[in-house]
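Breakdown of the fold
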Amino acid sequence: MERAEREKAAGLSFPEEVASRLGGETIKLCYQCGTCASSCPVAKITPNFNPRELIKLSLLGERDEVISGDAIWLCCSCYNCQERCPQKVEIAEVIYALRNIAFEEGRIPPIYSEFASALLRDGRIIKVSKFVEKKRSTLGLPPLKPTGVEALTRILSATGFNKLYERRERK
Ligand code: SF4
Ligand code: SF4
């Protein structure tokens, strides 16, 4: 049984489930002041993302809406909100906890799945094009070093990332 299933079986409410996760511990401290939303560069450019709203929905137990929606993937992890939250809610970390729950349930946007696949295969999430390599040399920059994909694979393996990813791909 996977962790999210165990948590559901244990009868945890969604806020408790998030708070039990690494990074999610502070979610219940939020008192909805909105400082995070007014500090967020992503919220400024799209109505589809608002960290205060995301925390509110989570606290209200709207698990499916939060986990299956796009919003949790829109945060750019700038930490502006976290620096300013008067309640010291670790908002960016809470969003990582939400993403981890979504990832474990296979609810991951295709682009992130491609990033994960490229990371496991090449050690980089984006392939370096010939154009970029050429541009580097015209700017006097040295060629990019090999990524050390074997060391990275060992780290990803030790954290369980590759197994989790493989399970997700089979779903
Ligand atoms: S700034 Fe902190 S307390 Fe205020 S709404 Fe955002 S998370 Fe909640
Ligand atoms: S860390 Fe995410 S939620 Fe917080 S301000 Fe930056 S983009 Fe917005």
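Being a predicted model, the structure only gives us computed values, none of them experimental.

**Re the site of ligand 2**
Around ligand 2, a shell composed of 14 residues is seen, among which Cys40, Cys75, Cys78, Tyr79 and Cys81 lie nearest. Of all the cavities here, the one that holds ligand 2 is the largest cavity. Counting residues per element, the ones that place at least two in the shell around ligand 2 are helix 4 (41-45), helix 7 (80-84) and helix 8 (91-104). Class assignment for the residues of the shell around ligand 2 results in twelve nonpolar, two polar and no charged.

**Digging into the packing of helix 5 (residues 51-59) against helix 8**
Close contact between helix 5 and helix 8 brings their axes to 11 Å; oriented N to C, the two are set at 55 degrees. One way to sum up the angle between helix 5 and helix 8 is to call them oblique. Helix-helix and strand crossings are classified by hand; for helix 5 and helix 8 the assignment is left-handed. Counting all contacts with helix 5, which are made through Pro51, Leu54, Ile55 and Ser58, the residues of helix 8 involved are Ile91, Val94, Ile95 and Leu98. By residue class, the composition of the contact of helix 5 with helix 8 is seven nonpolar, one polar and no charged.

**A short note on empty space enclosed by the protein**
Empty space left among the atoms is revealed by rolling a probe the size of a water molecule over them. Considering all chains together, one arrives at two cavities of 30 Å³ or more under this definition. For the largest cavity, the calculated volume is near 100 Å³. The wall of the largest cavity is formed by 16 residues, among which Cys40, Phe49, Cys75, Cys78 and Cys81 lie closest to the centre. Looking at the lining of the largest cavity, the elements that each hand over two or more residues are helix 4, helix 7 and helix 8. The greatest single-element share of the lining of the largest cavity, amounting to three residues, is contributed by helix 8.

**Let's talk about the domain arrangement of the protein chain**
If you check the domain split of the protein chain, you get domain 1 (3-104) and domain 2 (110-170). A straight line from the C-alpha centre of domain 1 to that of domain 2 covers 27 Å.

Parameters at a glance
Residues numbered from 1 in each chain as written. Chains lettered and ligands numbered in written order. Predicted model: local features only at pLDDT ≥ 70, side-chain atom pairs only at ≥ 80, totals over all residues. Heavy atoms only, no water. Near = heavy atom within 4 Å. 1 Å grid on protein atoms, 1.4 Å probe; cavity = no way out; pocket = protein on both sides within 12 Å on 5 of 7 lines; lining within 4 Å. Sits in = over half its atoms within 2 Å of the grid points. Helix = DSSP H or I, 4+ residues; strand = E, 2+ residues; numbered from the N terminus. Nonpolar A, V, L, I, M, F, W, Y, C, P; charged D, E, K, R; others polar. Axes fitted to C-alpha atoms, helices over the stretch in contact; angles between N-to-C directions. Parallel < 35°, antiparallel > 145°, perpendicular 65-115°, else oblique. Left-handed = near helix turned anticlockwise from the far one by under 90°. Contact = heavy atoms within 4.5 Å. Points joined across faces, edges and corners; volume = space filled by probe spheres on them. Domains from an automatic or database assignment.

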